[in-house]
Amino acid sequence: MNKLLLAYAGLACSLNASAQIIDSAVSPSEPPGRPLWELGLGLGAISTPAYPGADDRETRVLAIPTLIYRGKIFRADQSGIGARLFRSEVAELDVGLAASLPAKSDDVAARAGMPDLGALGEFGPRLKLRLARFDAHSGLRAELPLRAVFEVRSGVRHQGYTFEPRLVYERRSADGKWMFDTQLSAVVGDGKINRYFYEVAPQYATASRPAYAARSGLVLVRVGAFAARQINPDVRVFGYVRAENYGVGANDDSPLHRKNNGVSGGIGVSWTFWRSQSMARD
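Residues numbered from 1 in each chain as written. Predicted model: local features only at pLDDT ≥ 70, side-chain atom pairs only at ≥ 80, totals over all residues. Heavy atoms only, no water.

## Focus: a nonpolar patch on the surface
Together, Leu127, Leu144, Leu146, Tyr161, Phe163 and Val188 give the surface a local cluster of nonpolar side chains, amounting to about 460 Å² of exposed area. Elements that contribute at least two residues to the nonpolar patch include exactly strand 7 (138–152) and strand 8 (156–163). Along the chain, Phe163 falls in strand 8. Looking at Phe163, the relative accessible area reads 34%, which means it is partly exposed. (Patch = residues over 30% accessible without salt bridge, like charges linked within 9 Å, V, L, I, M, F, W, Y side chains within 5 Å. Areas by Shrake-Rupley, 256 points an atom, 1.4 Å probe, with all protein chains shown as cover. Salt bridge = Lys/Arg side-chain N within 4 Å of Asp/Glu carboxyl O. Helix = DSSP H or I, 4+ residues; strand = E, 2+ residues; numbered from the N terminus. Buried < 20%, exposed > 50% of the residue type's maximum accessible area, 1.4 Å probe, protein only.)

If you want it as structure tokens, here you go:
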């Protein structure tokens, strides 16, 4: 597996979001009669800080295949790709995947001469709790994902753990063509992942970048919004934006911490060209 595969996986999760899939146990009800799976092609552009607190950015335009799968256990939807282990009217437990883009130190001034940051894949359990269902088309839930983080760069390396509690408000239009959600979350990292982002080992210290020992704790807080529109049964468009604050983080005094605030965003379109005849059961 190379770096770009995980970048593609991250964009695939974003493109899947345009499918307007919402798990009915903890979110507004989904229109009946959805195919069990759909295959398609997605085109999207993503721009994000090179790492939390960076003053350089990574921007990619990618064309990739997309998959939506609505199985009782295995799922690929707007929440990502994973396996649903438990589901009730008020709670759901799953195991899922997430991914982020790599960054070359040659392109990030603060990290000049330091090792590159590889693509990151995250894997672990997530508990979703329904806090409120306002009507058939809107609801509020809490999500509690705990992820193991793995770097893909000349091999696979474990790089620590993150915990990202968040509140999610979702709304779908009555005709099912529009989907909108907003999220408020915080990311906490253990010592290993925070060292990955913020530590400066003595051999990489310079006059303007002193040695620094990173510690575990808060990485960032973020607020985001996502919207998707189904143009016709086969074509969907979407966009998202996230505003993040790193100044509250445990390592805001690191020489690699260059900005207190950052913005990520993306837009995309997906085209479904093949879907199953069998229908999803839930």
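## Examining the nonpolar core
Core analysis: the largest hydrophobic core is formed by 22 residues, its most contacted members being Ala50, Tyr51, Tyr196, Phe197 and Leu256. If you list the elements that add at least two residues to this core, you get helix 2 (191–198) and strand 11 (217–230). Among the elements that line this core, the one with the most residues is helix 2, at 4 residues. Not counting residues up to four positions away in its chain, the partners in contact with Leu256 are Tyr51, Gly53, Ala110, Arg111, Met114, Phe197, Tyr198, Glu199, Val200 and Arg209. If you look at the next biggest cluster of nonpolar residues, it comprises 7 residues, including Ile46, Leu101, Phe226 and Phe238. (Core = buried A, V, L, I, M, F, W, Y, C linked by side-chain atoms within 4.5 Å. Contact = heavy atoms within 4.5 Å.)

## Focus: the packing of aromatic side chains
Summed over all chains, the structure comprises 6 aromatic pairs. Ring centres of Trp37 and Trp274 lie 5.3 Å apart, and the angle between their planes is 90°; on these two criteria the pair is classed as edge-to-face. Of the two residues, Trp37 is situated in strand 1 (residues 37–49) and Trp274 in strand 13 (residues 261–275); the sequence distance between them amounts to 237 residues. Seen from their ring centres, Phe134 and Tyr169 are 6.0 Å apart, and the 45° between their planes marks the pair as tilted. Here Phe134 is found in strand 6 (residues 119–135), whereas its partner Tyr169 is found in strand 9 (residues 166–172), with 35 residues between them in sequence. When its relative accessible area of 26% is taken as the criterion, Tyr169 is described as partly exposed. In textbook terms, an aromatic cluster arises when at least three aromatic residues are bridged by ring pairs, as seen for Tyr196, Phe197 and Tyr198. (Phe/Tyr/Trp six-rings, centres within 6.5 Å; stacked < 30°, edge-to-face > 60°.)

## Considering the pattern of salt bridges
All chains considered together, the criterion is met by 20 salt bridges. Ionic pairing is found between Arg171 and Asp135, a salt bridge with its closest N-O pair at 3.4 Å. Pair noted here: Arg171 is in strand 9 and Asp135 is in strand 6, with a separation of 36 residues, a long-range link. Residue class for Arg171 comes out partly exposed when judged on its relative accessible area of 36%. Among the ionic pairs, Glu244 bridges to Arg222, the shortest N-O distance being 2.7 Å. Of the two residues, Glu244 sits in strand 12 (residues 235–245) while Arg222 sits in strand 11, which places them 22 residues apart along the sequence. Take Glu244: its relative accessible area is 7%, and that puts it in the buried class.

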